[in-house]
Amino acid sequence: MQSKNIKKNTTNSWIDKNLPQVGELSRIDAWWGLVIIVLLLIILLVTLVPQPFSRILNYVSDGVIITLVVTLTSFILTMILGLLCGLGRVSKNKLIYGVVSVYVEVVRGIPLLVQLMVWYFAFPAIIINLGKTLNYEPFETYLANPIMMAIIGISICYAAYMAEIVRAGIEALPAGQMEAARSLGMTQPQAMRYIILPQAYRTIMPAIGNEFITLLKDSSLVSVVAVADLTRRGREFMSTTFLPIETWLMVALIYLLMTLIAARIVKLLENKTKLEK
Amino acid sequence: MEEPIISIRDVHKYFRDDIQALRGVSLDVYKGEVIMIIGPSGSGKSTLLRSINNLEQIDFGDIIVDGHSVNNHKDINALRMEVGMVFQQFNLFPHLTVLDNVMLAQKIVRKRGEKEAYETAMLLLEKVGIPEKASAFPLQLSGGQQQRVAIARALAMNPKIMLFDEPTSALDPEMIQEVLEVMIQLAKEGMTMVVVSHEMGFARAAANRCILMDSGKIIEEAPNDELFTNPKEERTKLFLSRIL
Ligand SMILES: Nc1ncnc2c1ncn2[C@@H]1O[C@H](COP(=O)(O)OP(=O)(O)OP(=O)(O)O)[C@@H](O)[C@H]1O
Ligand SMILES: [Mg+2]
C-alpha cells in the first residue's frame, strides 16, 4: 500500500521524466496516444473476452463513480483548506501561524491510512462516548458515514501538503511585489488577492496538478474504511469469483486510464496559464 | 515658515537587534521641495526612505507625513495613499498589463470607477511617454520603459509626495536620461520629492537640497547641488571622490 510519505518522489519523477513533454512531438501527442491504447485495451478485453471482463467492468463501475466523487470532492476541499492554511503559514499573526504550523506538521507526520482509520473508527467512538457522558441522544446514536469520513480524512491530510505548496509559491515571489502593492495603499488582503496569489498560482500550478493525480491514486486507501470505491469493489468481486488476475488487471487499467487523463488535463491547464503570460 | 509636509524626528532603526541602520535622523521636508540623498552603500538611505511610508517600521522617534504619523498603525494606508514610491527594481506587477498596473490601485484603493481610472492611467502614460505600450506586459518593456510605467503607477494615486529609491541604478546608461527627464518634469510641476540617487545631473536640474548620509546619520546638507560642487565635510569629499 502506498504511503503518503514516499509517494511524493515517485509521482513527480514519473510524470516529469518518463513521459513525453508537450512540444516534443509536434502533431500527434504521445500522451493521448497512451490514453487511447489503454482505452482500446479495456474495450478489447471487454468485447473479446466478455467472460469475465465485461462482468468485472459492470461490477466495479459504481466503484468508479465513488472513486471520482471522493477524489473530486476531496480535492476541492483540499484546495480551499490548503489555500487558507497556506496563507496562515505566511501570516505575521503569531497565533494563526502557530496553530496552522502545528496542524501541518502533525498531519504530515501521520500516514494517510492511519488518519483515515482515526476518522472512521476513532472519531465516531469519541462522539458516542461524549454522547453517553453528556446524555445527548443524537451523539449516542452517531453513525459515521463512510464516504463523508473518507472525504474529511483525505482533505485534512492533503490540505496540509497543499498549504506547504501555497506557502512555497508565495515565498518564491520577490518581496518587492508585496512592497509595491502596499506602497500603493493596498491592504494586506488586497495585495494577496490581486498581486500575490495570481502570481503564486502560476508557479504552483504544476505542483497542484501532481497533488490531484496522487490524490486520485491515494483515494484507493478509502477502500479500507468501508467506502465502496473502485478498489473495494474489485476486492469484493475477487472474493466472490476467485479471479485475481483478471480482476486486478481490469482495476489497474481503469486507474491508469483515469490518472493518464487527469495528467493530460493538468498539462493543458499548465500550458494555458503559461501562454497567458 | 509653513508646516513641513514630512517631518522626520530623531529616528532610530535596528535590524535584528545588532545592526543600527538609522541613528537619530531628523529632517523636515517642505511642500514642493526636492530633496536628494546620497551616501555610501549601507549608510541607511533606503531604510530612511522606506521608513517614510512605513515599509520599514522605525524603532524610535517619529515621522509625520501630511498629518499622519507612521507610529499610528491604523492610519498607515491613509498615509501610503499620499506617498508614491518608485523602486530600484521597478516592481511592476508582471501578471498585469501596463494599463492594469496603473489602474488597479486606483480602483481598489481610491475606489475610482473604470472610466475615471482608465482616463487617469492613459493621461499618465502619455505624460511618461509610453501610451502605445498600454496593453503590453511589463516584461516586454525595456528597463527605462518599465521604470516610467512605475512612475505613472505611483502618480495615478495622486500622491502629495514621491519617494525614489535609486530609480536609475538598475538601468542601462542609455535609458537613464529618459527616466531622469520624467523626474525633472515632475519636480518642475511642484511635486514634493525625496530622491535617493547619485545622478549629479538630476541634482543640478532639480534638487533644492542635497543630503549626505553615512552610517545611519545625516553628515552634511547643502542647498541645490552645492553638496557636489562645494562639499564641506571630509566624509562628503571622500565619498564624492569615490563616485565621481
Ligand atoms: N531587511 C534587512 N535586514 C537586515 N539588515 C538590513 C535590512 N535592510 C537593510 N539592512 C542593513 O541596514 C543598513 C542600511 O541599509 P540600507 O539598505 O538602508 O542602505 P543604503 O544606504 O540604501 O545602501 P545601498 O546604497 O546599498 O542601497 C545596512 O547595514 C544593511 O545591511
Ligand atoms: Mg538602498
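Quick caveat, the model's predicted, so the values are computed rather than measured.

Quick word on the sheet that holds strand E10 (residues 217–223) of chain B
All names here are of chain B.
- Ordered by their spatial adjacency, six strands build an open sheet running E6-E7-E8-E3-E9-E10, and the pairing between neighbours is mixed. Edge positions in the sheet fall to strand E6 (83–86) and E10, since each has one partner strand and no second. This sheet shows a mean twist of 15° between the axes of neighbouring strands, independent of strand direction.
- Pairing between strand E7 (residues 161–165) and strand E8 (residues 192–196): five bridges, direction parallel. Pairing of isoleucine 161 across the sheet is with threonine 192, part of E8.
- Here helix H5 (residues 143–155) sits on the sheet and contacts E6 and E7; the angle it forms with E6, its principal contact strand, is near 170°.
- Of the strands in this sheet, strand E3 (34–38), strand E9 (209–214) and E10 are in contact with helix H9 (residues 234–243), which crosses E9 at around 95°.

Some details on the site of ligand 1
All names here are of chain B.
- Residues in close proximity to ligand 1 total 13 residues, the closest being Ser41, Gly42, Lys45, Ser46 and Thr47.
- Taking serine 43, its main chain carries an N or O atom lying 3.2 Å from an oxygen atom of ligand 1.
- Contact distances for ligand 1 include 2.8 Å between an oxygen atom and a side-chain N or O atom of lysine 45.
- When ligand 1 is considered free in solution it has 640 Å² of accessible area, and contact with the protein chains removes 64% of it.

Quick look at the environment of arginine 209 of chain B
Residue and element names in this part refer to chain B.
- Here arginine 209 is to be found in strand E9.
- According to the relative accessible area criterion, arginine 209 is buried, its value standing at 13%.
- Considering only alpha carbons, one finds arginine 209 and valine 34, 175 residues apart in sequence, at a separation of 6.7 Å.
- Filtering out sequence-adjacent residues up to four positions away, arginine 209 remains in contact with Leu27, Asp28, Val29, Tyr30, Glu33, Val34, Ile35, Met36, Glu221, Ala222, Pro223 and Asn224.
- Here aspartate 28 takes part through its backbone oxygen, which lies 2.6 Å from a polar atom of the side chain of arginine 209.

Here's the deal with the interface of chain A and chain B
- Taken residue by residue, the interface counts 18 residues in chain A and 23 residues in chain B.
- In total, chain A and chain B occlude about 1,800 Å² of area from one another, counting both sides; carbon and sulfur atoms represent 63% of this.
- Per-residue buried area on chain A facing chain B is highest for Glu179, Ser183 and Leu184 of chain A; these three make up 32% of the total on that side.
- Remark: the boundary between chain A and chain B carries one salt bridge.
- Across the salt bridge formed by arginine 50 of chain B and glutamate 179 of chain A, the nearest N and O atoms sit 2.8 Å from each other.
- Here chain A is connected to chain B by six residue pairs in polar contact (both at pLDDT 80 or more).
- Among the secondary structure elements, those contributing two or more residues to the side of chain A that touches chain B are helix H8 (175–183) and helix H9 (188–218) of chain A.
- By residue number, the principal contributor to the side of chain A that touches chain B is H8 of chain A, which donates seven residues.

A word on a nonpolar patch on the surface
Residues and elements named next belong to chain A.
- Together, Trp32, Ile36, Leu39, Leu40, Ile43, Ile261, Ile265, Leu268 and Leu269 make up an exposed nonpolar region whose accessible area comes to about 780 Å².
- For the nonpolar patch, the secondary-structure elements that each account for two or more residues are helix H2 (30–48) and helix H11 (244–275).
- Counting residues per element, the nonpolar patch draws most heavily on H2, at five residues.
- Topologically, isoleucine 265 is positioned in helix H11.

Topic: the nonpolar core
- Met186 of chain A together with Ile6 and Ile8 of chain B are the most contacted members of the largest nonpolar core, which has 105 residues in total.
- Per-element tally for this core: the top contributor is helix H7 (residues 146–171) of chain A, with 14 residues.
- Contacts of methionine 186 of chain A, omitting those with residues within four sequence positions, involve Ala181, Ala191 and Ile195 of chain A together with Asn77, Phe93, Leu104, Ala105, Ile108 and Val109 of chain B.
- Counting residues in hydrophobic clusters, the runner-up holds 54 residues, among them Leu92, Ile130, Leu141 and Phe239 of chain B.

As for the pattern of salt bridges
- By the definition in use, this model includes 22 salt bridges over all chains.
- For glutamate 82 of chain B, the salt bridge is made with lysine 160 of chain B, and the minimal N-O distance between the two is 3.7 Å. Placement of glutamate 82 of chain B in helix H2 (residues 76–82) and of lysine 160 of chain B in the loop between H5 and E7 is noted, with a sequence separation of 78 residues between them.
- A relative accessible area of 39% means that lysine 160 of chain B is categorised as partly exposed.
- When the shortest N-O distance is used, the salt bridge between lysine 127 of chain B and glutamate 189 of chain B registers 2.4 Å. With lysine 127 of chain B in helix H4 (residues 114–127) and glutamate 189 of chain B in the loop between helix H6 (173–188) and E8, this residue pair connects regions lying 62 residues apart in the sequence.
- Using a relative accessible area of 38% as the deciding quantity, one classes lysine 127 of chain B as partly exposed.
- Shared partners join several salt bridges into a network, and the residues in it are Arg89, Glu105, Arg108, Glu164, Arg167 and Glu171 of chain A.

Some points on the side chain of arginine 112 of chain B
Residue and element names in this part refer to chain B.
- Checked against the element boundaries, arginine 112 lands in the loop between helix H3 (98–108) and H4.
- Judged by its relative accessible area of 14%, arginine 112 falls in the buried class.
- Of note is the side chain of arginine 112, whose polar atom sits 2.8 Å from the backbone oxygen of alanine 156.
- Within the local environment of arginine 112, its side chain forms a polar contact with the side chain of asparagine 158, the two groups lying 2.6 Å apart.
- Those residues in contact with arginine 112, other than ones at most four positions away along the chain, are Gln106, Lys107, Ala117, Thr120, Ala156, Met157 and Asn158.

Calculation rules
- The numbers attached to residues start from 1 for each chain and follow its sequence in the written order.
- For naming, the first written chain is A and the first written ligand is 1, with later ones following in the order written.
- Per-residue local features of the predicted model are confined to residues with pLDDT of at least 70, and side-chain atom pairs are confined, for both listing and counting, to 80 or more; whole-chain, interface and lining totals are unaffected and use all residues.
- Each side-chain value is worked out from all heavy atoms of the structure, with water and hydrogens disregarded.
- By definition, two strands form a pair when at least two bridges between them are found by DSSP.
- Where helices and strands are cited, they refer to DSSP runs of H or I of at least four residues and of E of at least two residues respectively, numbered from the N terminus.
- Every angle, taken between N-to-C directions, lies between 0 and 180 degrees, and every axis is a line fitted to C-alpha atoms, over only the stretch in contact when it is a helix.
- Whether two residues touch is decided by their heavy atoms; if any such pair falls within 4.5 Å, the residues are in contact.
- Put simply, a residue is near a molecule or strand once any heavy atom of it comes within 4 Å of that molecule or strand.
- Think of a polar contact as two N or O atoms within 3.5 Å of one another; within protein, one of them needs to be a possible hydrogen donor and the other a possible acceptor, and neighboring residues in sequence only count if both atoms come from side chains.
- Accessible surface is estimated by sampling points in the Shrake-Rupley manner with a 1.4 Å probe; for residues, cover comes only from the protein chains shown.
- The classification of residues rests on relative accessible area computed with a 1.4 Å probe and restricted to protein chains. Under 20% of the type maximum is buried, over 50% is exposed, and intermediate values are partly exposed.
- Note: buried area is the sum, over both parts, of the accessible area (probe 1.4 Å) each one loses when the two are combined.
- Should a side-chain nitrogen of Lys or Arg be within 4 Å of a carboxyl oxygen of Asp or Glu, the pair is scored as a salt bridge.
- A patch consists of residues whose relative accessible area exceeds 30% and which take part in no salt bridge; residues with like charges are grouped when within 9 Å of each other, and nonpolar side chains (Val, Leu, Ile, Met, Phe, Trp, Tyr) when within 5 Å.
- Think of a nonpolar core as a cluster: buried Ala, Val, Leu, Ile, Met, Phe, Trp, Tyr and Cys residues, connected wherever their side-chain atoms sit within 4.5 Å.

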